[in-house]
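In case you want the letters, here they are:
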Amino acid sequence: MKKILIIEDEEFVRENILELLDVEGFEVIGAENGQIGVDLAKAMIPDLILCDVMMPGLDGYGVLTALRQDSLTASIPFIFLTAKAAKADFRQGMELGADDYITKPFTRAELLGAIASRLKKQAALEQRYHTELQQTKDQLNYLIHYDSLTNLPNQLSLRERFKQVQPIDSHVQKLVTVLSLGLDRFNQINDNLGHAVGDLLLKAVADRITACVGSQDIVARLNAAQFAIILSWEKPPGVLEDTQETCCPTTQYKKDVAHVAQTILTSLSQTFELANQELFITASIGIALYPRDGTKIEQLLNHANTAMTQAKQHGGDQYQFYTAAFNIGSSERLALQSSLRHALERQELLVYYQPQVNLKTGKIVGTEALVRWQHPERGLVSPDKFIPIAEETGLIVPIGEWVLKTACQQTKIWQDAGFRGLRVAVNLSSRQFSQIDLRHQLVAILMETGLDPKYIELELTESMLVQNTEVAIRRLNALKSLGVEIAIDDFGTGYSSLSYLQQFPFDILKIDRCFIRNITENPSNSAITKAIIEMAKTLNLKLVAEGVETESELSFVCQHQCDGMQGYLFSRPLPAHEFQQLLISNKCLPLPLAQQSGVL
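Residues numbered from 1 in each chain as written. Predicted model: local features only at pLDDT ≥ 70, side-chain atom pairs only at ≥ 80, totals over all residues. Heavy atoms only, no water.

Regarding the overall build of the chain
1) Next: Within the chain, the regular secondary structure consists of 22 helices and 23 strands.
2) Next: For the chain, the spread of C-alpha atoms along the three principal axes comes to 95 × 60 × 55 Å.
3) Next: Each of the 600 residues in the chain was classed as buried or not, and the buried ones make up 50%.
4) Next: Summed over its atoms, the accessible surface of the chain is roughly 28,700 Å², and 49% of this surface lies on carbon and sulfur atoms. (Helix = DSSP H or I, 4+ residues; strand = E, 2+ residues; numbered from the N terminus. Buried < 20%, exposed > 50% of the residue type's maximum accessible area, 1.4 Å probe, protein only. Areas by Shrake-Rupley, 256 points an atom, 1.4 Å probe, with all protein chains shown as cover.)

Let's talk about the pattern of salt bridges
1) Next: Using the criterion set out here, one finds 22 salt bridges in the structure.
2) Next: A single salt-bridge network, built from bridges that share partners, covers Glu368, Glu459, Lys510 and Glu546. (Salt bridge = Lys/Arg side-chain N within 4 Å of Asp/Glu carboxyl O.)

Things to note about the environment of Pro505
1) Next: In this fold, Pro505 is placed in the loop between α17 (498-503) and β21 (508-511).
2) Next: What makes Pro505 buried here is its relative accessible area of 17%.

Structural notes on unusual backbone geometry
1) Next: Here the bond from Lys104 into Pro105 is cis, since omega is -10°, no more than 30 degrees from zero.
2) Next: Of note, Pro105 is situated in the loop between β5 (100-103) and α5 (108-145).
3) Next: Omega for the peptide link from Tyr290 to Pro291 comes to 0°, which places this bond in the cis form.
4) Next: Within the element layout of this structure, Pro291 appears in the loop between β13 (283-289) and α10 (297-313).
5) Next: The phi dihedral of Asp317 falls on the positive side, at around 55°, and the residue is not glycine.
6) Next: Relative to the helices and strands, Asp317 resides in the loop between α10 and β14 (318-321).
7) Next: Among the residues examined, Asp317 registers a relative accessible area of 38% and is labelled partly exposed.

Some words on the state of the cysteines
1) Next: Counted according to the given criterion, the structure contains zero disulfides.
2) Next: Unpaired in this structure, Cys588 has its nearest cysteine sulfur neighbour in Cys558, at a distance of 13 Å. (Disulfide = S-S within 2.5 Å.)

As for helix α20 (residues 551-559)
1) Next: Where α20 is concerned, the buried positions are Glu553, Leu554, Phe556, Val557 and Cys558.
2) Next: Where α20 ends, the next residue or the one after it, Gln561, has phi of about 65°, a positive value.

Considerations on helix α7 (residues 186-193)
1) Next: Within α7 the residues assigned to the buried category are Phe186, Ile189 and Asn190. Each buried residue of α7 sits inside an arc of 95° when the element is viewed along its axis, so together they form one side. Opposite the packed face of α7, turned more than 90 degrees from it, sit the exposed residues Asn187, Asp191 and Asn192.
2) Next: Its buried side turned inward, α7 meets β6 (174-183) and α8 (195-212).
3) Next: Two residues or fewer after α7 comes Gly194, characterised by a positive phi angle close to 100°. (Arc of directions from axis to C-beta. Contact = heavy atoms within 4.5 Å.)

Written out as structure tokens, the structure reads:
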């Protein structure tokens, strides 16, 4: 039953319309003046509004203006009732957003005809909207499952396909192996010949790998120069022997897997003729066997990656089977691990701050806090080296808590210095998020630093949330109840899909830099990013583009109405004192650039 609101100050007219529409089967409600009409419209969200123009107090034009300024009522069909028939009056209402006019006095047929016509048009618009929304969902769901460059399945798709080939129980006659393949010295090709040639090479590599495996096997691209392969074979009798509940592959099975790995290496070592030149590339392959090396795709990939790293360290162009001995690590890694245990107490850790810029004003509105390690002998240690060690050893928990506390303290200092609305985004690690007392820790930090929680954004990656969705949602809601905002970081690069966006209580979506890089030259990345933006807007999520490094990338994200950006185009991550100088200098996006991009 369609709901219709009648706003009419003349009681006789209002009651007649109410009675007529009630008989026609509409759900109707009347308002005797403009202000009551506005309040009722916001409360009941009717399907259509009939409103008199000339009323004491808030007239019809005022009612329409108020409703069009509210996102909840802005799209409600609105028909004016008026005794004024001048074109100027009609034009005034139409410019404010009226959908139709009915001139008093009007007949029953005229009123019902106007209502039917407007409701039909609204239904058509809603159908079109839902159709386009579904098409956007379908497009993004497809794009999110496949690598845009090679059209191979990506990590999300790999995870789902592994479930399809994974033996359900020990009686299923199937062998499953995971290979992790990394191209050796691929960065040199990118640096010397450019990303365009690098992309051509990746496509050709994908084709050769696919040609080396069977149709039932799975080839996926994980990141820039890394691929994964799942071999799934029917098990001949006697191939596996059960020893103390651990399935041990026979020598023949390992030989078969090794043969596939060597076939791939041999194929990739052959000359590539691309862009009118000959290119040579080799690869390193790590191999993990199911179920000996793990029963979950994450375990198998991690172990295959470890074996691949060993193959690279031995010169590349070879394969290695995973063994537990690889976990012992190199002497350098052990030395870093030992030093990292003392880094906090020795005050060797630092927090750097990368500005986040509002793309409507061009001004700094926040910052992302990033941890750095200033080693007394090694200098500045890359986070890529020490963060994985911190994660593995559990040191990420005290380090993460220190970063959160330090960032909140520093942000409060800046706010007290006059930068009142400054926000801070802090990354949560998987181990931190899994802590039972995380909320209690956050409350203690807020009380100690005095920072209002509404200025804090907690950033989480997709892979942290998919293991136990219900628990993750409860934890996120517990954090949000404190007043903080939740950001999903690196969206589209992990395991989740659009359904996850709708399940979790996110406030902000950060578009990963891999989609932003060279976006104006990469139609696939552009399509993915547009679809992500459209979906985020539909779900009322704020959008922040990461890794914006060129003016063309900035122009793209501005044109498509992202809310914010961060990246080297504006500033690299800075020590606190340098970031403070940015605030004091009131650095903004350059005005000509901002204007060209539609920022201001």
